[in-house]
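Given next are the chains, with one letter for each unit.
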Amino acid sequence: LDNAAIATFADGSMLVSFEVAFSATDHDVWDAILNSSGTGFVVPVNSVTSDNAFEGESRVATFGNTAALVFARDHGTINGGQDIVLNFLNSTGTALASPTFVFGTNSSDVWSHPDVAALNDGRFVGVANHARLRGRNGAAAAPGRGAAPAVPRATARRAAPLGAAARQARQVRSSLCLPTA
């Protein structure tokens, strides 16, 4: 098991998510909700994803009895891109909205290392790294093209509001660029 994440709901139950590696290229995200004493399950261990591809790097946050779970999908497959997916659920395990791509949206962009945090007004904020390849003088370059070889350069961190708890299904498409550390 890799990339475990845990968050506590207002009712004391705990959402746990983690990555299960079936092969070098097939990882899935699983989750469970433990009761407030940590001695039993409200929702038993179950698969969030089950594609024959990479889904991992899950992170969770809670506000009240609502949770946001984000994860990377198709990690490392530059031809198909790598996207960040968001799930909303409550402390009984009920999905509050359909899983939504919040970064990448099935593009050829490569997003990774998602994270999510709850704000004190019930909204959630998600961040993810966006890999860019740069050539000489910082100009965008395709690998193997141009006078200088393309090398990974600074990674942009973007944050996007993920909506208020009462409006999880509505996605806000605006984003904020943050400096890299």
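Structure shown above.
Every chain is numbered on its own, with residues counted from 1 as its sequence reads. Side-chain atom pairs in this predicted model are given and counted only at pLDDT of 80 or more, local residue features only at pLDDT of at least 70, and totals for whole chains, interfaces and linings cover all residues. Hydrogens and water are ignored here; the side-chain numbers use all heavy atoms of the structure.

J.: Teacher, can you tell me more about the packing of aromatic side chains here?
T.: Two numbers describe a pair of aromatic rings. These are the distance of the centres and the angle of the planes. When the centres of two rings from Phe, Tyr and Trp lie within 6.5 Å, Trp using its six-membered ring, the rings pair. Their planes under 30 degrees apart give stacked, over 60 give edge-to-face, and anything left gives tilted. Inspection of the entire model under this criterion finds 2 aromatic pairs. Each ring, one from Phe-88 and one from Phe-124, has its centre 5.6 Å from the other, and the planes form 55°; the classification is tilted. Taken together, the residues Phe-88 in strand 7 (residues 83-90) and Phe-124 in strand 10 (residues 124-131) connect sequence positions 36 residues apart. Think of it in three bands: with a 1.4 Å probe and only protein chains considered, a residue is buried below 20% of the maximum accessible area for its type, exposed above 50%, and partly exposed in between. In this structure Phe-124 comes out as buried when scored by relative accessible area, which is 1%. Only DSSP runs of H or I covering at least 4 residues are called helices, and only runs of E covering at least 2 are called strands; the numbering of each starts at the N terminus.

J.: How should the environment of Phe-88 be read in this particular structure?
T.: A residue is classified by how much of its surface remains accessible, and Phe-88, at 3% relative accessible area, is buried. Distance in space between the C-alpha atoms of Phe-88 and Ala-61 is 9.9 Å, their sequence separation being 27 residues.

J.: Sorry if this is basic, but what is going on with the environment of Val-45 here?
T.: Among the secondary structure elements, Val-45 is positioned in strand 4 (residues 41-47). Judged by its relative accessible area of 40%, Val-45 is partly exposed. Val-45 sits 15 residues away from Trp-30 along the chain, and the two C-alpha atoms are 6.8 Å apart. Contacts are residue-level and defined by heavy atoms, with any inter-residue pair within 4.5 Å sufficient. Beyond its immediate chain neighbours, meaning those up to four positions away, Val-45 contacts Phe-18, Trp-30, Asp-31 and Ala-32.

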